[in-house]
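# Topology and contacts: notes
Listed here are the chains, written in short residue letters.
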Amino acid sequence: MKADCLLIDCHAATMAESDVPYGAIKDAAVVIADGRITWIGPRADLPPVQAETIERLDGRWLTPGLIDCHTHLVFGGDRSGEFEQRLGGATYEDIARAGGGIVASVQATRAASEEDLFLSARVRLEGLKATGVTTVEIKSGYGLDRESELKMLRVAKRIGREGGVRVCTTYLGLHAVPPEYRSDRSAYIDKAINDMLPAAHAEGLVDAVDAYCEPIAFSREEVSRLFDRAQALGLPLKLHADQLSDGGGAELAARYRALSADHIEYVTGAGVAAMAKAGVVAVLLPGAFFMLRETQAPPVDLLRAHGVRIAVATDCNPGTSPVVSMTDALNLACVQFRLTPEEALAGATREAARALGLQDQAGVLQAGRAADLAAWDISRPAELAYWLGKPMLHARWISGIRS
């Protein structure tokens, strides 16, 4: 067997579904050729290999490269002032209705150049990369006009070319109503659906379509119009659902067979059942829960009981989740939502891949999958969800190329 790279003297948390915790293989070997894993298993079973490079990992653990399946990584400015307001007693809704929140980020993003947005996003990206991330989803939604939404998505695509990560882009035109359309909401919705989305799609800038379904944002009927158009364009769907109230978002996501319903703190039993039937992944965002000091956690026991797949993401954004560490997100998911460390790691690998429609390409260490890996200075996989702020990453590989 010829190979580009052979990794030995390591343990592999493959995250394949099995009776073995973490799908672990002790004293493993990994063979990589043409950007893919071509063989993985116990080193004792390794067939003869002619590898250009052999790397000994000195007993370190390998995992799939982590996948951050919900971020707003590209934006202008920050909202640290609102952080102070919330600590003083203001609610997220109070700030949003007073013209802050998403709208404040819209103003800063519109004012920023494409280069400025790229450079600031690259700084945040370094935190994700340092915590083992190899794939990042990046949403638009802070432009809210044609020029600015396209600008954000172009920056996201550039990050995928130059940033040392894979990027999936998501159009989030229905994130908020911009100030200039406050008195003509329906005109903005028409523009977001019939002008901005087709323009972004025509440039090849959109991998999926998302919307914010909440009373302070957009109704199910309004989101349905967007989703109908997205499906006509052949684009998969995602949804910010049931974060602040029971708005029936999970059922809407299920009706459209969306890839995921994200947040879902207030999802009902009926919503969970609908997600299970439609195969919608639940994306939990503990950073936002933590920063907003929420008290109603997603119904994790109910999700488990119905067999709903659970992913975990940072929700990196300027207002409610300034989180740029994937391992910190794993810790928060365990501490706040009571995920097990194995569930949390699966949520940032196997299930995160599913939430992006990449389940046949990434998220598991398996022959035929992309050779996106992370090597860690840990003695057991649970440490990835245990330490806060400890550097643990030894190396990352994307398509078999070490970084």
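Parameters at a glance
Each chain carries its own residue numbering, running from 1 in the direction its sequence is written. Local features in this predicted model are restricted to residues of pLDDT 70 or higher, and side-chain atom pairs are both shown and tallied only at a pLDDT of 80 or more, whereas totals for entire chains, interfaces and linings draw on every residue. Hydrogens and waters are ignored; side-chain quantities use all the structure's heavy atoms. UniProt positions are given in the numbering used here, feature names are shortened, and annotations may be inferred rather than shown by experiment. Fitted lines through C-alpha atoms give the axes, limited to the stretch in contact for helices. The angle between two N-to-C directions lies from 0 to 180 degrees. Labels follow the DSSP assignment, with helices taken as runs of H or I lasting at least four residues and strands as runs of E lasting at least two, numbered in each case from the N terminus. Roughly parallel means an angle under 35 degrees; roughly antiparallel, over 145; roughly perpendicular, 65 to 115; everything else is oblique. Crossings are classed by handedness, with left-handed meaning an anticlockwise turn of the near helix from the far one by less than a right angle and right-handed meaning a clockwise turn. By definition in these notes, contact holds between two residues if any of their heavy atoms fall within 4.5 Å. Each residue gets one label: Ala, Val, Leu, Ile, Met, Phe, Trp, Tyr, Cys and Pro are nonpolar, Asp, Glu, Lys and Arg are charged, and the others, such as Gly, are polar. Here the term cavity refers to a set of points on a 1 Å grid, laid over the protein atoms alone, in which a 1.4 Å probe fits but cannot get out; the term pocket refers to an open set having protein on both sides within 12 Å along at least five of seven lines, with lining residues being those that place an atom within 4 Å of a point. Counting of polar contacts relies on pairs of N or O atoms within 3.5 Å, with two restrictions inside protein: one atom must be capable of donating a hydrogen and the other of accepting it, and residues adjacent in sequence are counted only when both atoms are side-chain atoms. A pair of strands is labelled paired if DSSP reports no fewer than 2 bridges between them.

Per an unreviewed UniProt entry, the protein goes by Imidazolonepropionase and derives from Brevundimonas intermedia. According to UniProt, the comment filed for the protein under the heading Subcellular location (unreviewed entry) is "Cytoplasm". Turning to the protein, the UniProt record has this under Sequence similarities (unreviewed entry): "Belongs to the metallo-dependent hydrolases superfamily. HutI family."

## Brief notes about the packing of helix α4 (residues 114-130) against helix α5 (residues 146-162)
At a closest axis distance of 10 Å, the pairing of α4 and α5 adopts a crossing angle of 50°. In terms of orientation, α4 lies oblique with respect to α5. Crossing of α4 over α5 shows right-handed handedness. Contacts between α4 and α5 involve Glu-114, Glu-115, Leu-117, Phe-118, Ala-121, Arg-122 and Leu-125 on the former and, on the latter, Lys-151, Arg-154, Val-155, Arg-158, Ile-159 and Glu-162. Considering only residue class, the contact of α4 with α5 consists of 6 nonpolar, no polar and 7 charged.

## Some thoughts on the UniProt feature "binding site: Zn(2+)" (unreviewed entry) in the protein
The UniProt record marks His-70, His-72, His-240 and Asp-315 with the feature "binding site: Zn(2+)" (unreviewed entry), using the residue numbering of this structure. Taken along the chain, the residues just named run across 246 residues; in space they keep tight, none of their C-alpha pairs more than 12.3 Å apart. Lining residues of the largest cavity, restricted to the annotated ones just named, are His-72, His-240 and Asp-315. Here His-70 is to be found in the loop between β5 (66-68) and α1 (80-87). Residues contacting His-70, with those up to four places away along its chain left out, are Glu-137, Lys-139, His-240, Asp-262, His-263, Val-283, Leu-285, Ala-313, Thr-314, Asp-315 and Cys-316. At 3.3 Å, the side chain of His-70 and the side chain of His-72 are in polar contact. By the element assignment, His-72 lies in the loop between β5 and α1. Setting aside residues up to four positions removed in sequence, His-72 forms contacts with Lys-139, Ser-140, Tyr-142, Leu-172, His-175, His-240, Asp-315, Cys-316 and Asn-317.

## Side note on the sheet that holds strand β15 (residues 401-402)
Overall, mixed pairing links the 7 strands, which are arranged β3-β2-β1-β4-β13-β14-β15 in an open sheet. Each edge of the sheet is formed by a strand with only one pairing partner; in this case those strands are β3 (36-42) and β15. Pairing analysis gives 9 bridges linking strand β1 (residues 2-13) to strand β4 (residues 50-64), with the strands arranged parallel. When the sheet's bridge partners are listed, Leu-6 is paired in β4 with Ile-54.

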